[in-house]
Amino acid sequence: MTFRLFAYTFDGICVIMVAVLLQQYVIGPATARITTVKECPRTAVSLTDLCIGAQVYAVGKWILWRWWKSRDGKQDSIYGLEHGRLHLQAPTPMWMNMGHWGDGKTRKPMAKACRDLLKAVLAEAGFSNEEERAGNAKANGRRRTLIDLGFGCGDQTIYLMSETPVRPQDRDWWDAREYCVKFDYYVGITKDPLQACYANDSVDKLHAETVTSSGHDVGVISLVCADAASPASWNNQVKRRIDNALKDSPDCWMLALDTAYHFSPSRWPVIQYAHTQLRASFMAFDLCLSPSATITQKLVLRVLTAFMGAPWANFSTMDEYKQKLVEVGYSADAIKIVDISEHVFTPLACYLAEQDSRLKMMGLGIGTFSVAKSLFAWWGRSSVIRGVIVVARR
């Protein structure tokens, strides 16, 4: 209490001193210039001077505090730690989904967690590399098509379609691909032209790699820019590539890895199209609303999902999600929805916090992903949102 009283007293004295200086050197001379000969310039400090002084002092104090905080930990160092940026490797893995982090106790890189989320979806869909080799699926004439809604920067495309790593950064997260099977046709759809361009470069390297060294058949890969949520808007080029694939390999799967809840106006037009027009099975990592969510939580979520670019119409409970799949046409017995929230939200929030701390040592940070970190931590604590794997077989 004594320290706080002293601080308040010190602030008060500083405000008065700033007001006096302002009146003497700023307000005083300006006033003196407009006075007549008979008028005397002001010398007393008015209430207005004190208010202006308080504002100037507060701004100055804040600027000084921010400057001193930015120097924290650097006062005794000539170079600090910012030279760590010189050791950062580029290009880097560009996987982007919420990841499957296991029990959260063993930390793993972001790329491996993202890969493991895809593996978890493939495993729930019943795919197995070992069974594929044992059954020699290609020799039996079984040919498959995969339509990937939102393929990101192409890392998952490489993982799904190549038997070996293609780029140097792929070796950091590559594994035995035990849940990957042969897809003869791959059609990836994204509405992000920048990511599509980046992914196409990766696919070009994949084709070059298979020609020059490995020689394995990677299938026919097509990456297109279109709105994955709206099949009605797909141009003839997109439809033609899908039609050509289905003519040769009618066993079709549609994948939405951590993307479907972004689809506007909702995910259901494209899922309906998958079932009715493509006769495709559906697999995804998606988000569901907890049935125990309170009215307050729902109101907060409606605001946050708007900033996320995720229409509120996409947030339903797991039971409502399954019922909607049945209405689309999938058999209830062929639908599986598995809650994996404990392996996603809290561990992801912890990873983001640790990564932010590591990067700040070099004068960087995770930027706007700090907001996502807080959001995922809330989801993990409250269970208001559930992360689920969805499989619906045709």
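This structure is a prediction, so every number in the text was calculated from the model and none was measured.

Asks: If you had to explain the packing of aromatic side chains to someone new, which residues and values would you point to?
Replies: Counted according to the given criterion, the structure contains 13 aromatic pairs. Each ring, one from W312 and one from F315, has its centre 5.8 Å from the other, and the planes form 20 degrees; the classification is stacked. Assessed through its relative accessible area of 22%, W312 is described here as partly exposed. On the basis of relative accessible area, F315 is assigned to the buried category, the value being 6%. Clustering of aromatic rings is evident, with ring pairs tying together W95, Y159, W173 and W174. The lysine or arginine in question, R177, covers the ring of Y159, its NZ or CZ lying 5.9 Å from the ring centre.

Asks: Any chance you could break down the nonpolar core for me, citing the residues and the numbers?
Replies: Among soluble globular proteins, nonpolar side chains are generally buried collectively. Of all hydrophobic cores here, the largest spans 64 residues; its most connected members are M98, M283, F285, L287, W379 and I385. In terms of residue count, the dominant contributor to this core is helix α3 (residues 110–124) (nine residues). If we ignore the near neighbours within four places in the chain, the residues touching L287 are M98, Y261, R267, N314, F315, F345, W379, I385, R386 and G387. Formed by 35 residues, the second largest nonpolar core is a distinct cluster that contains I189, W234, C252 and I335.

Asks: Got a sec to walk through the side chain of N314? Specific residues and values, please.
Replies: Counting through the fold element by element, N314 comes out in the loop between α9 (295–308) and α10 (318–328). According to the relative accessible area criterion, N314 is buried, its value standing at 0%. At 2.9 Å, the side chain of N314 and the backbone oxygen of Y261 are in polar contact. Setting aside anything within four residues of it in sequence, one finds N314 in contact with A260, Y261, H262, F263, S266, R267 and L287.

Procedures and definitions
- Residues numbered from 1 in each chain as written.
- Predicted model: local features only at pLDDT ≥ 70, side-chain atom pairs only at ≥ 80, totals over all residues.
- Heavy atoms only, no water.
- Phe/Tyr/Trp six-rings, centres within 6.5 Å; stacked < 30°, edge-to-face > 60°.
- Buried < 20%, exposed > 50% of the residue type's maximum accessible area, 1.4 Å probe, protein only.
- Lys NZ or Arg CZ within 6 Å of the ring centre and 35° of its normal.
- Core = buried A, V, L, I, M, F, W, Y, C linked by side-chain atoms within 4.5 Å.
- Helix = DSSP H or I, 4+ residues; strand = E, 2+ residues; numbered from the N terminus.
- Contact = heavy atoms within 4.5 Å.
- Polar contact = N/O pair within 3.5 Å; in protein donor to acceptor, adjacent residues only side chain to side chain.

Geometry only, nothing functional implied.
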